[in-house]
Amino acid sequence: MKDGLVVPAGRGRRMVTGAQEVTVKVSGEHSRTASSFEVVVPPGFDVGAHVHAHGEELFYVLEGELELLAFEPCERTSANWREWESHTGQRAFRAGPGSLMFVPPGCPHAFANPGVSPARVFFQSSPPSRHERYFEELLDVLAAPGAVDARAVERLRQRYDIEQLTPLTFTPPPRPTT
């Protein structure tokens, strides 16, 4: 019989860059069904619309606000995913604490923080382990100096069977002058 897992607040394996902070709470080492993460999404971060061929994801907003999208648009364009609309009239949604987004395999989805404060999200990905490795490599790309290397992100996503529909971007808001 295996023991369960208790992860105290503020604990877990942390991966931090200026563009995102990810704390692994439950890994593939612990679960056969899903990896669980706490993610801090800074203002100006846009993951870009994308599709996972096989994985499913769940996002639960704990603090702050995010714009969320999880539907097939009438037309997949490389333009701003916030302008997309579904055949049933769905559009991107401004989500606050308590909001949840579930993404089945094959569903285009995106999230962005258009606000001025970080958002904190509970994120779960199934099957486990694959997304943990993706996060490690993504955060290496995001830690590089200068603007986000969109081509490096696209190549990374291709290796992890993620179809990129719009690019990942990170444009932090200007710091207030005193």
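Preceding this section is the structure that the text describes.
Because the structure is predicted, anything quoted here is derived from the model rather than measured.

S.K.: Can you tell me about the nonpolar core, naming the residues and giving the values?
M.R.: By size, the foremost hydrophobic cluster in this structure holds 33 residues, and its most contacted members are F45, L66 and F111. For this core, the elements supplying multiple residues, two or more each, are β2 (21–26), β3 (35–41), β6 (56–63), β7 (66–70), β9 (100–103), β11 (119–126), α1 (130–143) and α2 (150–159). If one sorts the elements of this core by residue count, α1 sits on top with six residues. The residues contacting F111, other than those within four sequence positions of it, are Q20, V41, F45, D46, V47, G48, F59, L66, E67, L68 and W81. Core analysis: the next-biggest nonpolar cluster, separate from the first, contains nine residues, A49, V51, L69 and W84 among them.

S.K.: Please give an account of the pattern of salt bridges that cites residues and values.
M.R.: Counted by the stated rule, this structure contains 15 salt bridges. The salt bridge partner of R14 is E21, with a shortest N-O separation of 2.8 Å. We classify E21 as partly exposed; its relative accessible area is 23%. Within the structure, one salt-bridge network assembled from shared partners comprises D46, E65, E67, R82 and R94.

S.K.: An account of the side chain of Q20 is needed here, citing residue identities and associated values.
M.R.: Mapped onto the elements, Q20 comes out in the loop between β1 (13–16) and β2. Not counting residues up to four positions away in its chain, the partners in contact with Q20 are M15, V39, V40, V41, P42, F45, F111, F135, L138 and L139.

S.K.: Summarise the packing of α1 against α2; cite the residues concerned and give the values.
M.R.: The geometry of α1 relative to α2 is characterised by a closest axis approach of 10 Å and an angle of 165 degrees between their N-to-C directions. With respect to α2, the axis of α1 lies roughly antiparallel. Crossing angle aside, the handedness with which α1 passes α2 is right-handed. On the side of α1, the interface is formed by R130, Y134, E137, L138 and V141, while α2 contributes A152, V153, L156, R157 and R159. Split into classes, the residues belonging to the contact of α1 with α2 amount to six nonpolar, no polar and four charged.

S.K.: Could you give an account of unusual backbone geometry, with specific residues and numbers?
M.R.: With an omega of 0 degrees, the peptide bond between S126 and P127 qualifies as cis. Counting through the fold element by element, P127 comes out in the loop between β11 and α1. Residues other than glycine seldom take positive phi values, yet D161 does so here, at roughly 60 degrees. Assignment of secondary structure puts D161 in the loop between α2 and β12 (162–164).

S.K.: Explain the sheet that holds β3 to me, using residue names and the numbers behind them.
M.R.: Strand order across the open sheet formed by six strands is β1-β2-β3-β11-β6-β9, with antiparallel pairing between neighbours. Edge positions in the sheet fall to β1 and β9, since each of these pairs with one other strand and no more. In this sheet, adjacent strand axes meet at a mean angle of 20 degrees when their direction is disregarded. Relative to β11, β3 runs antiparallel, the two being bridged by seven bridges. Residue pairing across strands places S36 opposite Q124, the latter belonging to β11.

S.K.: Lay out a nonpolar patch on the surface with the relevant residues and their values.
M.R.: Taken together, the side chains of Y60, L62, L100 and F102 present a nonpolar region at the surface, about 340 Å² in accessible area. Locating L62 in the fold gives a position in strand β6. What makes L62 partly exposed here is its relative accessible area of 31%.

S.K.: Hey, could you go over α2 for me, with residue numbers and the actual values?
M.R.: A152, V153, L156 and R157 are the residues of α2 that are buried. For α2, the arc enclosing every buried residue in end-on projection is 135 degrees, short of the 170-degree limit, so these residues lie on one face. The inward-facing, buried residues of α2 contact β5 (50–52), α1 and β12. Residue D149 occupies the N-cap position of α2, its side-chain oxygen lying 3.2 Å from the main-chain nitrogen of R151. Where α2 ends, the next residue or the one after it, D161, has phi of about 60 degrees, a positive value.

Quick notes on the rules
Residues numbered from 1 in each chain as written. Predicted model: local features only at pLDDT ≥ 70, side-chain atom pairs only at ≥ 80, totals over all residues. Heavy atoms only, no water. Core = buried A, V, L, I, M, F, W, Y, C linked by side-chain atoms within 4.5 Å. Buried < 20%, exposed > 50% of the residue type's maximum accessible area, 1.4 Å probe, protein only. Helix = DSSP H or I, 4+ residues; strand = E, 2+ residues; numbered from the N terminus. Contact = heavy atoms within 4.5 Å. Salt bridge = Lys/Arg side-chain N within 4 Å of Asp/Glu carboxyl O. Axes fitted to C-alpha atoms, helices over the stretch in contact; angles between N-to-C directions. Parallel < 35°, antiparallel > 145°, perpendicular 65-115°, else oblique. Left-handed = near helix turned anticlockwise from the far one by under 90°. Nonpolar A, V, L, I, M, F, W, Y, C, P; charged D, E, K, R; others polar. Pairing = 2+ DSSP bridges. Patch = residues over 30% accessible without salt bridge, like charges linked within 9 Å, V, L, I, M, F, W, Y side chains within 5 Å. Areas by Shrake-Rupley, 256 points an atom, 1.4 Å probe, with all protein chains shown as cover. Arc of directions from axis to C-beta. Polar contact = N/O pair within 3.5 Å; in protein donor to acceptor, adjacent residues only side chain to side chain.

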